[in-house]
Amino acid sequence: MSVDVLLGLQWGDEGKGKIVDYLAPKYDVVTRFQGGPNAGHSLEFDGHKHVLHQIPSGIFRDGIKNVIGNGVVLDPVIFKKEIEGLDKFNLDFKPNLYISKKTQIILPTHKLIDAASERAKGEQKIGSTLKGIGPTYQDKIGRFGLRVGDILTKNFKEKYDNLVKRHLGILKFYDYPADNLQELEAAFFKALEFLKTFNLSDSEYLINGYLNENKSVLAEGAQGSLLDVDFGSYPFVTSSNTMTAGACTGLGVAPQKIKEVYGIFKAYCTRVGSGPFPTELHDATGERLRAEGSEFGATTGRPRRCGWLDLPALNYAIILNGVTQLFITKVDVLNNFDTINVCVGYQLEDGTETKELPYDLCDETVVPIYKSFKGWKQEVNATSFEDFPTELKEYLSFIEDQVKVPITLVSVGPDRTETILK
Ligand code: GDP
Ligand code: IMO
Ligand code: MG
């Protein structure tokens, strides 16, 4: 069968985890294709609230295969903690959890280099999650990296020592201390032994084999399109391709195997870390979005920057990903707003207007052009789109009209059940 991709169209935290968990029973396989522990995907069901970082969000559903693809960067120490955190749920997921042998490993020194690099950037820091993502992807592209399959080889320690020697040189350049490295290494090697007890697989064969057996695959994106290393607000981005194309290289599936592309976005916008954010609100409305949306990072706990929905940015992400269906989340957060604004274009510094993202949002200051909507001012208890309040229907149809893609799922709360499908 085919691969459907679900990915974030903004700066991450759109509610991917919740929706993947919701959709997972329709699929045979759920798989992550990029990113790593920088992701924090929250799931809520039966009174439990759980955050996943590297493990695919299909893990709570019986009998589904969960695959960590080759495009991911995996921190073994965080992986061990995540698995131990699942103990209390008494799930029998281990036989169904696979990790690609080609997945890159995050070393303790990658995390130190991440911190050193951010410190050196000072005011210009990316606002990285400090999980070692950038340095690990740098080593992958630089052809220095270590992969999960390497831990099964006889000379792994030698490969590890060589890479760490290189890393210590980099840390020396940054004048950054590596004093606690021994302690970090002890936990790291313990976690590698733990990792060895899992299905370390040639996941490209595994996934293509499933597809040949007519099984359905859901690829779960991490971060969001505006954090993509090629098309995001560079350099304030993450270090992977967060888009549909990333699912092909991050899993080893051919482009023609991709069928539906579910693009997920919040009814407003948030961003954690540094970088341009045209519709950011620095006022009481921004504070209110943060408070009512509980906008605090699932990985770092940092307050998220909040602002209105940005249609030029959304449209850009839709084009790049080939989105076939839109999923809107956190609609309930706007329940009590009198007025809801949506950015429909930007005014550039020279006074001209555009609906396209300028080359460099860091250099060009754009002023958002807003269209205002009347709020629906009520809880959305509907079970079907037809029963939505009129103002909400108008808000949704306006978005659909502007971006020419249908909205087929509306999320009105963090719980699995608070989801309305068209
Ligand atoms: P992800 O990284 O895309 O998986 O998103 P996060 O889990 O980092 O952040 C989304 C946050 O919003 C989490 O706390 C979710 O529990 C919560 N959430 C998801 N959907 C909804 C929704 O429709 N309404 C509300 N109020 N919260 C939601
Ligand atoms: P999920 O999957 C929101 C942001 C960081 C920083 C930039 C680079 O939960 O949506 P990195 O650690 O990747 O080097 O940080 O990207 N970032 C995220 N923001 N959600 C995420 O993941 C993020 N992963 C990274 O805040 O600005
Ligand atoms: Mg998140």
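Just above sits the structure.
Here we summarise the structure given alongside this text. (Residues numbered from 1 in each chain as written. Chains lettered and ligands numbered in written order. Predicted model: local features only at pLDDT ≥ 70, side-chain atom pairs only at ≥ 80, totals over all residues. Heavy atoms only, no water.)

Points about the site of ligand 1
Surveying the vicinity of ligand 1 reveals 20 residues, the closest of which are Lys16, Gly40, Ser42, Asp332 and Ser411. Here ligand 1 has 580 Å² of accessible area as a free molecule, and 94% of this is covered by the chains. Of all elements in the fold, only helix H1 (16–23) and strand E3 (41–45) reach the threshold of two or more residues within the shell around ligand 1. Across the shell around ligand 1, the residue classes break down as four nonpolar, seven polar and nine charged. (Near = heavy atom within 4 Å. Areas by Shrake-Rupley, 256 points an atom, 1.4 Å probe, with all protein chains shown as cover. Helix = DSSP H or I, 4+ residues; strand = E, 2+ residues; numbered from the N terminus. Nonpolar A, V, L, I, M, F, W, Y, C, P; charged D, E, K, R; others polar.)

Points about the nonpolar core
The biggest cluster of nonpolar side chains holds 59 residues, and the ones touching the most others in it are Ile328, Leu334, Tyr395 and Ile399. At six residues, the largest contribution of residues to this core is made by helix H11 (residues 390–403). Among the nonpolar cores identified, the runner-up in size contains 35 residues, and Phe60, Leu86, Ile151 and Val164 belong to it. (Core = buried A, V, L, I, M, F, W, Y, C linked by side-chain atoms within 4.5 Å. Buried < 20%, exposed > 50% of the residue type's maximum accessible area, 1.4 Å probe, protein only.)

Side note on the environment of Leu309
As for its placement among the helices and strands, Leu309 is situated in strand E14 (residues 309–310). Assessed through its relative accessible area of 0%, Leu309 is described here as buried. For the pair Leu309 and Cys269, spaced 40 residues apart in sequence, the C-alpha to C-alpha distance is 5.3 Å. Residue contacts for Leu309: discarding those within four places in its chain leaves Gln10, Phe265, Lys266, Ala267, Tyr268, Cys269, Thr279, Asn341, Val342, Cys343, Tyr395 and Ile399. (Contact = heavy atoms within 4.5 Å.)

Some details on helix H2 (residues 76–86)
Think of an α-helix as 3.6 residues a turn; residues three or four steps apart then line up on the same face. For H2, the set of buried residues is Pro76, Ile78, Phe79, Lys80, Glu82, Ile83 and Leu86. Elements that come into contact with the buried residues of H2 comprise strand E4 (48–52), strand E5 (65–68), strand E6 (73–74), strand E7 (97–100), strand E8 (104–105) and helix H6 (181–195). N-capping of H2 is provided by Asp75, with a side-chain oxygen placed 2.8 Å from the backbone N of Val77. (Polar contact = N/O pair within 3.5 Å; in protein donor to acceptor, adjacent residues only side chain to side chain.)

Brief notes about the coordination of the magnesium ion (ligand 3)
Each protein donor to the magnesium ion (ligand 3) is listed here as Asp13 (OD) and Gly40 (O); together their distances run 2.1 to 2.2 Å. Of the two residues, Asp13 sits in the loop between strand E1 (3–8) and H1 while Gly40 sits in the loop between strand E2 (29–32) and E3, which places them 27 residues apart along the sequence. (Donors = N, O, S within 2.8 Å, 3.2 Å for Na, K, Ca; no water.)

With respect to the site of ligand 2
Neighbouring residues of ligand 2: 21 residues in total, closest Asp13, Lys16, His41, Thr129 and Thr238. Taking 550 Å² as the accessible area of ligand 2 by itself, protein coverage stands at 97%. Considered class by class, the residues forming the shell around ligand 2 number eight nonpolar, ten polar and three charged.

Some details on the state of the cysteines
Here, disulfide denotes a covalent bond that connects the sulfur atoms of two cysteines. Applying the stated criterion across every chain, the model contains zero disulfides. Cysteine Cys306 is unpaired, with the sulfur of Cys269 as its nearest cysteine sulfur at 9.6 Å. For Cys306, a relative accessible area of 1% gives the class buried. Not part of a disulfide, Cys362 finds its nearest cysteine sulfur in Cys269, a span of 16 Å. Exposure remark for Cys362: the relative accessible area of 34% places this residue in the partly exposed category. (Disulfide = S-S within 2.5 Å.)

Quick look at the packing of aromatic side chains
The description of an aromatic ring pair uses the distance of the two centres, along with the angle that the planes make with each other. Counted under the stated rule, the structure contains 18 aromatic pairs. Taking 4.8 Å as the distance between ring centres and 20 degrees as the angle between the ring planes, the aromatic pair formed by Tyr262 and Phe327 counts as stacked. Here Phe327 lies in strand E15 (residues 325–329) and Tyr262 lies in strand E11 (residues 258–266), a separation of 65 residues in the sequence. Here the two residues Tyr262 and Phe327 agree in accessibility, since each one is buried. Each member of the aromatic cluster is reached from another via a ring pair, and the members are Phe156, Tyr160, Phe188 and Phe189. (Phe/Tyr/Trp six-rings, centres within 6.5 Å; stacked < 30°, edge-to-face > 60°.)

Geometric values such as these leave the question of function open.
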